[in-house]
Amino acid sequence: MLKSFVVFFRFYVFWILFFAIERLVFLLYFSDKLKAVSFGEKAASFWYALRLDSSMVAYISALPLIIYILFLFLKRSYLSRSVPRVFVIVLICAFSIITAFNFNLYREWGSKINYRALDMAFNSTNEAIASGSSSPILLSALILLGLIAVGIFLSEKLIDYRLQDTGSSLLKKISGSFLIVAICALVIRGGWQLSPINQSMAYFSSETILNHAAVNTEWNLLQDVLSNKYGNDNPYKYYSPGEAKKIVDSLFEKPTDESTNILTTTKPNVVLIVIESFTAELIESLGGEKGVAPNMTQLSRDGLLFTDIYAAAGRTDKGMIATLSAFPGQAIRSIMKQNDKQEKLPGIARDFRSIGYNTSFYYGGESEFFNMKSYILGHGYDKLIDQHSFEKKDMNSKWGTYDHMVFRKNLNDLGKEGQPFFSTILTLTNHEPFELPGKPHFPGENVENKFRSTFFYTDSCLGAYIREARKTHWYKNTLFVILADHSHRLPGNLAEYDPKRYRIPLLFYGDVVKPEFRGQTVNKTGNQTDLAATLLTQLSIDPSRYQWSRDLLNPGNKGFAFFNWDNGFAFGTEEQIVSFDNVGKNIILRKKPADARTDKELTYYGKAYMQRVFQEYLEY
């Protein structure tokens with residue numbers, strides 16, 4: 001059976017080399033992020049990757065191994081040598097495509113290709129293409145072709161496609177086959193240790209990107225698909241269920257204080273404007289760059305601005321759930337995609353409709369994106385305006401119609417709407433590939449200036465909308481609530497775990513805001529999820545159904561923020577925020593220099609929060 005072991009060893013060596021080449025290209029592709037990292041630490045990623053790489057090779061070998069053993073007991077092979085060769089070439093092509101897509105995905109999301117990305121690619125194809133339109137297509141194509149060419153060349157040199165040991169004795173065939181299968185199963189599991197192999201076994205560095213480089217891309221994707229599609233366990237178990245609940249409940253203790261009443265009426269019209277990727281980093285009134293969002297800055301001077309608000313997560317589907325249902329992000333899952341779960345969430349539009357409000361939702365793109373249409377129509381909106389409500393000539397961007405058209409339609413429709421009304425606008429232009437209907441305000445083709453230009457454009461649309469609204473009969477009795485669906489990695493190409501990537505504006509604006517609160521700020525640290533309780537309390541609507549939401553205008557409520565990404569989360573207060581990596585089980589970033597007591601306290605709350613959020617998601 002020695003020849004059989006040699007055949008599989010050569011097969012193993014080929015795939016280990018192929019994965020090493022993938023890793024090398026990854027490190028070269030993101031070399032700008034690794035300038036301060038030593039060569040030795042980069043090289044170490046190849047060593048620490050071996051266990052996951054080997055496990056993936058064992059997965060790949062499973063089917064050929066079964067066929068190999070089957071034909072080993074036959075007098076001759078009924079399988080042409082071209083079949084295993086085709087099998088290898090198909091895998092090389094598939095893995096090369098995954099790798100090429102992974103680079104662009106990692107650049108945008110800060111995480112490797114996963115179930116959520118595949119789900120978006122297959123079920124929201126147009127949106128996925130639009131999201132990737134700003135990617136360097138030529139470079140991606142060259143990487144793809146290069147990997148395929150190198151992979152096929154190496155496979156022809158290293159892999160032996162001949163069936164060996166057919167003449168061995170029956171005892172040798174049985175014992176040898178058993179041994180090879182046992183070794184394959186052991187390598188898949190990652191060894192004899194108590195815990196099966198997982199991503200953390202590849203983690204070795206304080207540099208997150210090196211840990212991500214060490215994690216085998218294909219293995220990570222396979223495990224993520226299996227856990228998301230078929231898994232129903234909570235991967236965030238830090239405490240007993242009772243203890244986690246007790247910790248979280250302590251954060252949401254009902255205050256004895258009365259909420260500050262900032263409105264002149266308890267039944268105003270409400271227009272909720274959710275702006276795509278409206279990061280605080282480009283809003284001057286929040287300490288961001290000057291001149292990118294002049295209208296938002298001006299509106300902030302005349303409204304009540306919440307200065308320390310964080311989005312629930314980094315994608316629109318999670319941001320909308322957090323805004324409209326006050327349910328935090330679920331890290332590796334998206335509740336919006338699952339009707340049986342999202343239908344059980346409360347929704348502020350339902351609350352408005354229950355007290356006689358007319359409700360409407362405006363979006364210039366495809367409302368089926370990430371199952372958003374099902375969620376909107378199932379949560380209290382009487383009317384949905386999407387791309388089908390606009391003429392074909394107005395569908396000029398990859399995402400749909402430009403923001404100024406959506407604002408214009410909303411303005412015209414509200415003039416005919418019965419009062420009171422609750423209307424939501426979700427913008428889309430400030431999204432990759434950052435297309436504009438006119439000349440960019442910031443010159444140049446670099447992606448940061450393209451982002452600034454679409455940001456400036458959407459801000460101008462917002463300013464024009466408010467100016468036109470002032471001329472209407474319904475303006476004086478209307479509260480405008482402005483916030484973002486999420487923040488963005490730009491400017492600065494922020495890491496997925498950087499708190500700056502989640503900080504967003506929240507503004508209450510309009511004549512219904514009492515004069516003494518206009519131009520004022522609320523500096524309490526809060527979440528996107530806190531909008532529900534804050535807004536509903538002002539309108540004398542009971543917010544108790546929104547268990548993850550606090551009234552930010554009640555001085556008795558604690559100030560804190562929680563947000564998450566794929567396999568990680570952050571928890572913080574005004575003084576400090578810590579970002580925690582759930583795979584490496586360590587703090588990977590702090591807003592300020594480390595303090596042991598504060599680190600312990602914030603991770604204590606963050607772990608319990610993440611555990612309870614995901615458990616509640618599972619139980620819906």
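Located above this text is the structure these notes cover.
1. Comments concerning a nonpolar patch on the surface
Item 1. Together, Phe-73, Leu-170 and Ile-174 give the surface a local cluster of nonpolar side chains, amounting to about 290 Å² of exposed area.
Item 2. By the secondary structure assignment, Ile-174 is in helix H8 (residues 170-189).
Item 3. Classification of Ile-174 by relative accessible area gives partly exposed; the value is 47%.

2. Overview of the pairing of strand S2 (residues 304-310)
Item 1. With seven of its seven residues buried, S2 lies for the most part within the structure.
Item 2. Note that S2 and strand S7 (residues 503-509) share five bridges and pair antiparallel. Considered in S7, the bridge of Leu-304 is made with Phe-508.
Item 3. Here two bridges tie S2 to strand S8 (residues 521-522), and the two strands are oriented parallel to one another.

3. Describing the sheet that holds strand S10 (residues 561-565)
Item 1. Here we have four strands laid out as an open sheet, ordered S10-S11-S12-S13, and antiparallel in their pairing. Each of the sheet's edge strands pairs with one partner strand only, and the pair in question is S10 and strand S13 (586-590). This sheet shows a mean twist of 25° between the axes of neighbouring strands, independent of strand direction.
Item 2. Both strand S12 (residues 577-581) and S13 contribute to a ladder of four bridges, which runs antiparallel. Bridge assignment links Val-578 to a residue of S13, and that residue is Arg-590.
Item 3. The strands that helix H20 (residues 596-619) touches are S10, strand S11 (568-572), S12 and S13; relative to S11, the one it contacts most, it runs at about 125°.

4. Some points on the packing of aromatic side chains
What describes a pair of aromatic rings is the distance from one ring centre to the other and the angle between the planes of the rings.
Item 1. Applying the stated criterion across every chain yields a total of 56 aromatic pairs.
Item 2. When the ring of Phe-327 is compared with that of Tyr-620, the centres are 5.6 Å apart and the planes differ by 80°; the resulting orientation is edge-to-face. With a gap of 293 residues between them, Phe-327 in the loop between helix H13 (316-325) and helix H14 (339-342) and Tyr-620 in the segment after H20 connect regions that are remote in the sequence. Tyr-620 matches Phe-327 in its accessibility class, with the two residues each being buried.
Item 3. A centroid spacing of 4.3 Å and a plane angle of 10° characterise the contact between Phe-352 and Phe-422, whose relative ring orientation is stacked. Here Phe-352, found in helix H15 (residues 348-354), pairs with Phe-422, found in strand S5 (residues 421-426); they are 70 residues apart in sequence, far enough to count as distant. The two residues Phe-352 and Phe-422 agree in class, both being buried.
Item 4. Cation over ring: Lys-112 sits above Phe-26, and NZ or CZ is 5.2 Å from the ring centre.
Item 5. Directly above the aromatic system of Phe-560 lies the positively charged group of Arg-550, at a separation of 3.7 Å from the ring centroid.

Calculation criteria
- Residues numbered from 1 in each chain as written.
- Predicted model: local features only at pLDDT ≥ 70, side-chain atom pairs only at ≥ 80, totals over all residues.
- Heavy atoms only, no water.
- Patch = residues over 30% accessible without salt bridge, like charges linked within 9 Å, V, L, I, M, F, W, Y side chains within 5 Å.
- Areas by Shrake-Rupley, 256 points an atom, 1.4 Å probe, with all protein chains shown as cover.
- Salt bridge = Lys/Arg side-chain N within 4 Å of Asp/Glu carboxyl O.
- Helix = DSSP H or I, 4+ residues; strand = E, 2+ residues; numbered from the N terminus.
- Buried < 20%, exposed > 50% of the residue type's maximum accessible area, 1.4 Å probe, protein only.
- Pairing = 2+ DSSP bridges.
- Axes fitted to C-alpha atoms, helices over the stretch in contact; angles between N-to-C directions.
- Contact = heavy atoms within 4.5 Å.
- Phe/Tyr/Trp six-rings, centres within 6.5 Å; stacked < 30°, edge-to-face > 60°.
- Lys NZ or Arg CZ within 6 Å of the ring centre and 35° of its normal.

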